[in-house]
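Inside the fold
What follows is each chain in one-letter form.
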Amino acid sequence: MTARFLRIALVLGLLTAVGPFAIDMYLPALPSIGADLKAETVPVQMSLLVFFLSMGLAQIIVGPISDMVGRKVPLYAGLVVFIIGSIGSALAGSIEMLIAFRFLQGLGASAGMVVPRAVVRDLHTGTEAARLMSLLMLVFSISPILAPLTGSLIIATLGWRAVFWSVTIAAVLGLVLLATALKETRPVEQRKGSSLRTALAGYRFLLGDRKFMGLTFIGGFGISSFFVYLSNSSFVLIDHYGLSPTLYSVFFSINAVAFFTMSQLTGRLTERYGLRRVVRVAVISYATTIVAMLAVMASGLQSLWVLASFLFVGYGFLGLVIPTTSVLAMDDHGTIAGTASALMGTLHFAIGAAAMAVSGLFFDGTPLPMATSIAVCAVLALALTQLTLGRDEQPARAAAE
């Protein structure tokens, strides 16, 4: 790998991680935010949910804009909006004000989620794109490893409001990196045919593309299983199992280590076995692990170590699913990469928000509803994999024979 390849992966990973950093540093603070702002669990969870919703829905607009004006302008605008939302969240005096500024913060974070995927497609396809995406995921994975630990330390010493001042500083650093270390990957001549009309036409085309939609939903349900864990884990692990915020952060980080370690095998595995086969095996392995976890916990074995062991293995396989489904879905859509990335990101977060909302309805303070919701997402991803890629391999096999 060249120095340029690694530099691009580092910059894109950091830009992508700014939004998730605002989630993962925030998780250990949920119980203390509720106590400080005198809010119940549901409104506090809503401050997390609205962030997901705005970050997901705004991508549908940001993606086509990046096709029209280039990749860097939407990134600049998104980071500025994110900074405003972060400052407002730090100064919020009520749960309602916090929810409002978290919504604004999510709008800004949407650019960092959608545009880097389009940049990857601008530069590479196939195995090289998978390799770059896996490196991006490596940097991105710094967030769930360091952010909860950092967040718990900040909360313990400076209070939960300092979390938002910290992510403000991270966003400012993102602006500096964007200005100095990333060149525009969407030249002016490639933007000439891009407009609102072509964006709408692109969305219609993508919605009718069975392969694109199938792969998007596979990745979406995979991510949703992690979103369910995000929204429930602090209450389950801190309130039910009695972990301190610091120990909770360590527990949370262990799963992230499994995720990014396996994601780094993406380039090597896809080069040897192909993207489709890697996706299928990874999803089957993930769903099998999570369903086994649910079966064991439903039988009455609900110890913390049972939950930890199965999630560690399961989220390791998920680390192969996310980058491969993204690359395979966008492989054929280079001319509308921003639009394709936008639709993918919006659907991912819409599915995730719906899964979080539904799981919240059944939350009772114990780990079983969370484990059930994660398992449902995993099984749906498996079913879609069989529908999307099971048939897809038949023509290729027939042609080879």
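Residues numbered from 1 in each chain as written. Predicted model: local features only at pLDDT ≥ 70, side-chain atom pairs only at ≥ 80, totals over all residues. Heavy atoms only, no water.

Selection rule: UniProt positions are given in the numbering used here, feature names are shortened, and annotations may be inferred rather than shown by experiment.
As annotated in an unreviewed UniProt entry, the protein chain carries the name Bcr/CflA family efflux transporter and is attributed to Nitratireductor kimnyeongensis. As stated in UniProt under Sequence similarities (unreviewed entry), the record for the protein chain gives "Belongs to the major facilitator superfamily. Bcr/CmlA family."

1. Topic: the packing of helix H1 (residues 3–24) against helix H9 (residues 161–181)
Operational definition: Think of each axis as a best-fit line through the C-alpha atoms, taken over the contacting stretch in the case of a helix, with angles from 0 to 180 degrees between the N-to-C directions. The helix and strand labels rest on DSSP assignments: H or I over at least four residues marks a helix, E over at least two residues marks a strand, and numbering proceeds from the N terminus. With respect to orientation, any angle under 35 degrees is reported as roughly parallel, any angle over 145 as roughly antiparallel, any angle of 65 to 115 as roughly perpendicular, and every other angle as oblique. Whether a crossing is left-handed or right-handed is set by the direction in which the near helix is turned from the far one by less than a right angle, anticlockwise for left-handed and clockwise for right-handed. Throughout, a contact is declared for two residues whenever any of their heavy atoms are within 4.5 Å. In this classification, the charged set is Asp, Glu, Lys and Arg, the nonpolar set is Ala, Val, Leu, Ile, Met, Phe, Trp, Tyr, Cys and Pro, and all remaining amino acids, among them Gly, are polar.
Relative to each other, H1 and H9 sit at 155°, their axes nearing to 10 Å. Comparing their axes, H9 and H1 come out roughly antiparallel. Taken as a pair, H1 and H9 cross one another with a handedness that is left-handed. Of the residues in H9, those in contact with Arg7, Val11, Leu14, Leu15, Val18, Phe21 and Ala22 of H1 are Val167, Ala170, Ala171, Gly174, Leu177, Leu178 and Ala181. Tallied by class, the residues present in the contact of H1 with H9 amount to twelve nonpolar, one polar and one charged.

2. Regarding a nonpolar patch on the surface
As a reminder of what qualifies: Like-charged residues within 9 Å of one another, or nonpolar side chains (Val, Leu, Ile, Met, Phe, Trp, Tyr) within 5 Å, are grouped into patches, provided each residue has over 30% relative accessible area and no salt bridge. Throughout, the Shrake-Rupley method with a 1.4 Å probe supplies accessible areas, and for residues the shown protein chains are the sole cover considered. Salt bridges are defined as contacts in which a side-chain nitrogen from Lys or Arg sits within 4 Å of a carboxyl oxygen from Asp or Glu.
Taken together, the side chains of Ile61, Ile65, Val69 and Val73 define a hydrophobic patch exposed on the protein surface, amounting to about 320 Å² of accessible area. Broken down by element, the nonpolar patch gets its largest block of residues, three residues, from helix H4 (residues 59–69). Mapped onto the secondary structure, Ile61 falls in helix H4.

3. So, empty space enclosed by the protein
Which entries qualify depends on this criterion: Grid spacing is 1 Å over the protein atoms alone, the probe is 1.4 Å, and a cavity is where that probe fits but cannot get out, while a pocket is an open set with protein on both sides within 12 Å along at least five of seven lines and lining residues have an atom within 4 Å of a point. Grid points are joined across faces, edges and corners, and a volume is the space filled by probe spheres set on the points.
Throughout the structure, instances matching the rule amount to four cavities of 30 Å³ or more. The calculated volume of the second largest cavity comes to roughly 60 Å³. If you go around the second largest cavity, the residues you meet are Leu15, Val18, Gly19, Leu75, Gly78, Leu79, Phe82, Gly108, Ala109, Ala111 and Gly112. Listing elements by their share of the lining of the second largest cavity, those giving two or more residues are H1, helix H5 (72–91) and helix H6 (95–123). Looking at the lining of the second largest cavity, its residues break down into seven nonpolar, four polar and no charged.

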